[in-house]
Amino acid sequence: MVPTSRTILHVDMDAFFAAVEQRDHPEFRGKPLIVGSDPKGGKGRGIVATCSYEARRFGVHSAQPISQAWRLCPSGIYVHPEMDKYARTSDRIMSILFAFTDLVEPVSIDEAFLDVTGCRRLFGSGENIARKIKECIREHEGLNASVGVASNKFVAKVASDLQKPDGLVIVQPGTEKQFLDPLPIGRLWGVGKKTEGTLLKIGLSRIGQLAAMERAELVRRLGAAGAQLWELAHGIDDRPVSPEEGFKSVGHEITFEHDVEDVQVLHDTLLRLTEKVAQRLRRNRVRAHTVTVKYREADFSTYTRRETLREPLDTTEAIFPLAWKLLGPMLRRGKRARLLGVYGSNLASEEKRRQLELFDGGERRDRRLAGALDDITRRYGDGAITRAALLHPRRKPE
Ligand code: TTP
Ligand code: MG
């Protein structure tokens, strides 16, 4: 193995919305299930969000008019999407991924990249980590994920899609080109129907054929995009896995000097971490819809829990009680803590928020207090103030 190569995973859930419904309704299992708008006996005007693999055999697919799905598969079961449920499931799945590494870049509700280069020592090879992740998601969520393992994002993404459902495809470093060569050019990122047509016209249908072209020739025919396609076709993709992309996140974590058993120490540490996160959110003029707490035991068992809220938060007063609630179930008697972390993600900008104007008086008071404290810490440094009220059982709000 090339020592400098990265290990990137792409995780993508199988038939996500449909799989959640089949999990929750055993009577839907093994049947063609279509999640989308009301088909109204074939007169519906909406579209298919997704469908089970059983329905795909009839030619039904995402983004298809629901009326067409009805014609192809009149015996199918049609249900409405329940977005809240899928979002909650997605949160829990992302938490599972997050337990393996901080370098998680969620790309959509059911898909994420992970850079596990740094945690191979802790959790084993990329393949091992991929198997563990699949197992964990199946055990805790009753759902199947497909995973691709490769030395970069593009190849990992292609790999995760190749053996769906329940796929696991590993592309060893150095074999990227060999892996890509026989695949259709439509698999290249950035090749939509239009570019595909152009490429087919010049006789290119497989990635290997495109890779065999002179780079300059591709640039001449396709412009700047030609250079990028040439690189992808050669399995070259340097883009980092960036948790700050997609759902940007702000987080702080600490590894204790000595493993900690005292709940009061955990409480105070969590509070300090939360203060830092809240300050950074406010400094960046964003609020977090999602709060995540990460907890690692002395033996490296790692757990995370997160919750997504309709109203985004940026104050310690709001985030801390939630973080504390999330930490509770992770603490097990007789276990000592090695690491504790708090993260805010799924960020909303102040501008967006102002448009919504959703805030009540209580929250505004929190924000004024937070603003004053920020001034003081700016002038006197962190730790100038501790919030006594939060260090002791809270009084009932007036
Ligand atoms: P995908 O991962 O594209 O599809 P999928 O998970 O249903 O199936 P696959 O096994 O092929 O990955 O999208 C994830 C979810 O996003 C999907 O379950 C429903 C939703 N979605 C839409 O609502 N509309 C769309 O056009 C697509 C593509 C997805
Ligand atoms: Mg999917």
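Check the entry above for the structure.
This is a predicted model, so every value here is computed, not measured.

About the criteria used
Residues numbered from 1 in each chain as written. Chains lettered and ligands numbered in written order. Predicted model: local features only at pLDDT ≥ 70, side-chain atom pairs only at ≥ 80, totals over all residues. Heavy atoms only, no water. Helix = DSSP H or I, 4+ residues; strand = E, 2+ residues; numbered from the N terminus. Contact = heavy atoms within 4.5 Å. Areas by Shrake-Rupley, 256 points an atom, 1.4 Å probe, with all protein chains shown as cover. Pairing = 2+ DSSP bridges. Axes fitted to C-alpha atoms, helices over the stretch in contact; angles between N-to-C directions. 1 Å grid on protein atoms, 1.4 Å probe; cavity = no way out; pocket = protein on both sides within 12 Å on 5 of 7 lines; lining within 4 Å. Points joined across faces, edges and corners; volume = space filled by probe spheres on them. Nonpolar A, V, L, I, M, F, W, Y, C, P; charged D, E, K, R; others polar. Domains from an automatic or database assignment. Near = heavy atom within 4 Å. Polar contact = N/O pair within 3.5 Å; in protein donor to acceptor, adjacent residues only side chain to side chain. Donors = N, O, S within 2.8 Å, 3.2 Å for Na, K, Ca; no water. Tetrahedral: all angles 85-135°; square planar, octahedral: opposite > 155°, others 65-115°. Buried < 20%, exposed > 50% of the residue type's maximum accessible area, 1.4 Å probe, protein only. Left-handed = near helix turned anticlockwise from the far one by under 90°.

(A) Representation of the overall build of the protein. The helix and strand tally for the protein stands at 17 helices and twelve strands. Considering only contacts in the protein between residues 6 or more positions apart, those separated by 24 or more positions represent 66%. Of the roughly 20500 Å² that the protein leaves accessible, carbon and sulfur atoms contribute 52%.

(B) Structural detail: the environment of Lys 43. Within the secondary structure, Lys 43 sits in the loop between β2 (33-36) and β3 (48-51). On a C-alpha basis, the gap between Lys 43 and Gln 68 in space is 9.4 Å, while along the polypeptide they are 25 residues apart.

(C) Broad picture of the sheet that holds strand β12 (residues 337-349). Overall, antiparallel pairing links the four strands, which are arranged β9-β12-β10-β11 in an open sheet. What marks the edges here is a single partner per strand, and that holds for β9 (249-260) and β11 (302-313). Averaged over all pairs of adjacent strands, the angle between strand axes in this sheet comes to 10 degrees, irrespective of strand direction. With eight bridges joining them, β9 and β12 adopt antiparallel strand pairing. In the sheet register, Val 250 faces β12, and the bridge partner there is Gly 344. Sheet strands touched by helix α4 (residues 83-98): β10 (286-297), β11 and β12. Its angle to β11, the strand with the most contacts, is close to 140 degrees. Along the sheet, helix α13 (residues 263-283) contacts β9, β10, β11 and β12; its crossing angle with β9, the most-contacted strand, is approximately 155 degrees.

(D) Here's a closer look at the layout of surface pockets. Empty space within the largest pocket amounts to approximately 1000 Å³. Lining the largest pocket are 32 residues, with Arg 88, Asp 91, Arg 92, Ser 95 and Arg 306 positioned closest to its centre. Taken together, the elements giving at least two residues each to the lining of the largest pocket come down to α4, α6 (126-141), β10 and β11. Counting residues per element, the lining of the largest pocket draws most heavily on α4, which supplies ten residues. Looking at the lining of the largest pocket residue by residue, the classes come out as 13 nonpolar, ten polar and nine charged. Residue assignment places the lining of the largest pocket across two domains, with domain 1 (8-13 + 87-176) and domain 4 (249-395) each supplying three or more.

(E) Broad picture of the site of ligand 1. Around ligand 1 lies a shell of 14 residues, among which Ala 15, Thr 50, Tyr 53, Arg 56 and Asp 110 are the nearest. With respect to ligand 1, the backbone of Phe 16 contributes an N or O atom lying 3.0 Å from an oxygen atom. In this structure, Arg 56 approaches ligand 1 through a side-chain N or O atom, which is 2.8 Å from an oxygen atom. Protein burial of ligand 1: of its 550 Å² of free accessible surface, 69% is covered by the chains. Mapped by element, the contributors of at least two residues to the shell around ligand 1 are β1 (8-13), α1 (16-24), β3 and α2 (53-56). Here the shell around ligand 1 is composed, by residue class, of seven nonpolar, two polar and five charged.

(F) Just the coordination of the magnesium ion (ligand 2), in detail. In this structure, Asp 12 (OD), Met 13 (O) and Asp 110 (OD) serve as the protein donors to the magnesium ion (ligand 2), at separations of 2.1 to 2.2 Å. One can describe the site at the magnesium ion (ligand 2) as octahedral: its six donor atoms subtend angles covering 80 to 175 degrees at the metal. The class for Asp 110 is buried, based on a relative accessible area of 14%.

(G) Representation of the packing of α4 against α6. At their nearest, the axes of α4 and α6 sit 10 Å apart, and the two run at 145 degrees to each other. Crossing of α4 over α6 shows right-handed handedness. Along the contact surface, α4 presents Thr 89, Arg 92, Ile 93, Ile 96 and Leu 97, while α6 presents Ile 133, Cys 136, Ile 137, His 140 and Glu 141. Of the residues belonging to the contact of α4 with α6, the class tally is six nonpolar, two polar and two charged.

Geometry only, nothing functional implied.
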